[in-house]
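# Structure at a glance
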Amino acid sequence: MKKWYENRFVAIVWAALRIWLGVQWIEAGWHKLGAFDAGGFIQGAIAKAGGEFPAVQGWYADFLQNVALPNVKIFNVLIPWGEILVGLGLIVGALTLPALIAGAFMNLNFLLAGTISTNPILLALAVILLFVIKGTRYYGIDHLLTKENINKFKDTNIFKKIRPAH
């Protein structure tokens, strides 16, 4: 029995939210292609770890200092392309689960680095969509690739005409 959030009518809401979230990721990544340098962002986050009320936890600042900053060239590629790929996956509904997890992980890291902006909203929406993943996938490529739909396609006359007779 399907849950209320797997209903095809409710799935319209999930698809709209999924696509909106994907557009946010595409826009974020698109502007970073080519001229993005995470070095300043990382150094700014490390600086936020000091003072009386640090915005960045010490352990995360240590990660940024010892892992991210020495490998900033890798992060300069991973961040914009990760954002674009998450956005594309969410917009077309392909690999929706990994896209939501990757997006939530990036939002969490941006929050840990002391950047608020829209990150809490995007993270909360990703978590909600993760909880209703079956409904989220209803309108998208993931739904077309379910075992049930593949079997339906195999049983059509079109498929039988393509296969040579034995």
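Here the phi dihedral of Leu 95 falls at roughly 55 degrees; this positive angle occurs in a residue that is not glycine. The exposed category is assigned to Leu 95, whose relative accessible area is 61%. Positive phi values are uncommon outside glycine, yet Ser 117 reaches one of about 45 degrees. Within the secondary structure, Ser 117 is located in the loop between helix 5 (96-112) and helix 6 (119-131). Accessibility expressed as a relative area gives 58% for Ser 117, which makes it exposed.

What describes a pair of aromatic rings is the distance from one ring centre to the other and the angle between the planes of the rings. In total, this model carries three aromatic pairs according to the counting rule given. Where Phe 41 meets Phe 110, the ring centres are 6.3 Å apart and the plane angle is 90 degrees; that geometry is what we call edge-to-face. With a gap of 69 residues between them, Phe 41 in helix 2 (residues 39-47) and Phe 110 in helix 5 connect regions that are remote in the sequence. Owing to a relative accessible area of 35%, Phe 41 belongs among the partly exposed residues under this scheme. Exposure remark for Phe 110: the relative accessible area of 16% places this residue in the buried category. These aromatic residues form a ring-pair network of at least three members: Trp 59, Tyr 60 and Phe 63.

Taking 1.5 Å per residue as the helical rise, helix 6 with its 13 residues ought to reach 18 Å, and the 18 Å between its terminal C-alpha atoms agrees with that figure. Buried within helix 6 are the following residues: Asn 119, Leu 122, Leu 123, Leu 125, Ala 126 and Leu 129. With its buried residues spanning 165 degrees around the axis, helix 6 presents them on a single face. Opposite its buried face, helix 6 presents the exposed residues Ile 121 and Phe 131, each directed more than 90 degrees away.

Moving on to the packing of helix 1 (residues 10-30) against helix 6. Contact geometry for helix 1 and helix 6: axes closest at 11 Å, N-to-C directions at 140 degrees. As far as their axial angle goes, helix 6 and helix 1 are oblique. Every pair of crossing elements has a handedness; the one defined by helix 1 and helix 6 is left-handed. Counted together, Trp 14, Leu 17, Arg 18, Trp 20, Leu 21 and Gln 24 of helix 1 and Leu 122, Leu 125, Ala 126, Ile 128 and Leu 129 of helix 6 form the full contact between these two elements. Tallied by class, residues from the contact of helix 1 with helix 6 come to nine nonpolar, one polar and one charged.

Another aspect to go through is the confidence of the model for the protein chain. For the protein chain, per-residue confidence averages 86 on the pLDDT scale, and 86% of positions sit at 70 or higher. When mean pLDDT is compared element by element in the protein chain, helix 3 (residues 58-68) scores highest at 95, while helix 10 (residues 157-162) scores lowest at 56.

End to end, helix 1 covers 30 Å across 21 residues, agreeing with the expected 30 Å (1.5 Å per residue, within 8%). Within helix 1, burial applies to Ala 11, Trp 14, Ala 15, Arg 18, Leu 21, Gly 22, Trp 25 and Gly 29. All buried residues of helix 1 lie within an arc of 130 degrees about the axis, which places them on one face of the element. Buried positions along helix 1 lie against helix 4 (72-92), helix 5, helix 6 and helix 7 (133-136).

Scoring rules and cut-offs
- Residues numbered from 1 in each chain as written.
- Predicted model: local features only at pLDDT ≥ 70, side-chain atom pairs only at ≥ 80, totals over all residues.
- Heavy atoms only, no water.
- Buried < 20%, exposed > 50% of the residue type's maximum accessible area, 1.4 Å probe, protein only.
- Helix = DSSP H or I, 4+ residues; strand = E, 2+ residues; numbered from the N terminus.
- Phe/Tyr/Trp six-rings, centres within 6.5 Å; stacked < 30°, edge-to-face > 60°.
- Expected span 1.5 Å × (residues − 1).
- Arc of directions from axis to C-beta.
- Axes fitted to C-alpha atoms, helices over the stretch in contact; angles between N-to-C directions.
- Parallel < 35°, antiparallel > 145°, perpendicular 65-115°, else oblique.
- Left-handed = near helix turned anticlockwise from the far one by under 90°.
- Contact = heavy atoms within 4.5 Å.
- Nonpolar A, V, L, I, M, F, W, Y, C, P; charged D, E, K, R; others polar.
- pLDDT = per-residue confidence, 0-100.

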